Amino acid sequence: MYVIRLADGTVRVPQSLASEDGRLIGNAYAELRPGDPDYERWLAESLTEEELETRRERWRAENDDMEREFLAFKAQQDDG
């Protein structure tokens, strides 16, 4: 999950909630606005929605080579 900076300056920060024994209960985003105590810290790590989409598109495009390598590796393991 990424820290997302919205057009209005709001920063969405991912948060996870876990039970006492460590099991994941859920993931969500907390919204911070300018003036919130942790805003500046998270702002430095944030991506705009457009930057996030560019990363996703690049990953999808570059994933083909990695997927072919994995499938070749898996085929070797299945044959062996």
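Here the residue numbering is sequential within each chain, running from 1 through the sequence in written order. A pLDDT threshold of at least 70 governs which residues receive local features in this predicted model, and a stricter bar of 80 or more applies before side-chain atom pairs are shown or counted, although totals over entire chains, interfaces and linings include all residues. Side-chain calculation: all heavy atoms of the structure are included, whereas hydrogens and water are not.

Bridge analysis of strand E2 (residues 11–18) against strand E3 (residues 24–32) gives eight bridges, and the strand direction is antiparallel. Its bridge partner lying in E3, Val13 is registered against Ala30. Linking E2 to E3, which pair antiparallel, is a turn of five residues; within it Gly22 sits at a positive phi near 95°. Two strands are counted as paired when DSSP detects at least two bridges linking them. Numbered from the N terminus, helices here are DSSP runs of H or I no shorter than four residues, and strands are runs of E no shorter than two.

Okay, the nonpolar core next. Counting six residues, the largest nonpolar core is built from Val3, Val11, Val13, Leu32, Tyr39 and Trp42. Elements with a minimum of two residues in this core: E2 and helix H1 (39–43). With near-sequence residues (within four places) excluded, Val13 lies in contact with Val3, Ala28, Tyr29, Ala30, Leu32 and Trp42. Within this scheme, the nonpolar core is defined by two criteria: the residues are buried Ala, Val, Leu, Ile, Met, Phe, Trp, Tyr or Cys, and they are joined through side-chain atoms within 4.5 Å. Relative accessibility under 20% of the residue-type maximum defines a buried residue, over 50% an exposed one, and the middle range a partly exposed one, all with a 1.4 Å probe and only protein chains included. It only takes one pair of heavy atoms within 4.5 Å for two residues to be counted as in contact.

Below, the discussion takes up the side chain of Thr10. Turning to its location among the elements, Thr10 is positioned in the loop between strand E1 (4–5) and E2. A polar atom in the side chain of Thr10 sits 2.8 Å from the side chain of Asp8. When sequence neighbours within four positions are dropped, the list of residues in contact with Thr10 reads Ile4, Arg5, Glu31, Leu32 and Arg33. Two N or O atoms form a polar contact when they lie within 3.5 Å of each other; inside protein one atom must be a possible hydrogen donor and the other a possible acceptor, and for residues adjacent in sequence the pair counts only when both atoms belong to side chains.

The next subject is the sheet that holds E2. With respect to topology, four strands assemble into an open sheet ordered E3-E2-E1-E4, the strand pairing being mixed. The sheet is open, and its two borders are formed by E3 and strand E4 (47–48), each paired with just one other strand. With two bridges connecting them, E1 and E4 associate as parallel partners. Counterpart to Ile4 in the pairing with E4 is Leu47.

Here the focus is the pattern of salt bridges. For this analysis, a salt bridge means a side-chain nitrogen from Lys or Arg found within 4 Å of a carboxyl oxygen belonging to Asp or Glu. Applying the stated criterion to the full structure yields nine salt bridges. Taken together, the salt bridges that share partners define one network made up of Arg12, Glu31 and Arg33.

The subject of this paragraph is the pairing of E2. Pairing between E1 and E2: two bridges, direction antiparallel. The residue of E2 that forms the bridge with Arg5 is Val11. The turn joining E1 and E2, which pair antiparallel and follow one another in sequence, is formed by five residues; a positive phi near 95° is taken by Gly9.

What follows is about helix H2 (residues 49–79). Residue count minus one, scaled by 1.5 Å, sets the expected span of a helix. Look at H2: 44 Å from first C-alpha to last across 31 residues, which is about the 45 Å you get at 1.5 Å a residue. Of all the bends in H2, the greatest measures close to 40° and is centred on Asn63. Values of bend correspond, residue by residue, to the angle between axes fitted over the seven residues ending at that residue and the seven starting there.

This part takes up the confidence of the model for the protein chain. Confidence scores labelled pLDDT are given residue by residue by the predictor and lie between 0 and 100. Summarising the model, the protein chain shows a mean pLDDT of 90, and 99% of its residues fall at 70 or more. Element-level mean pLDDT values for the protein chain span from 87 in H2 up to 96 in E1.

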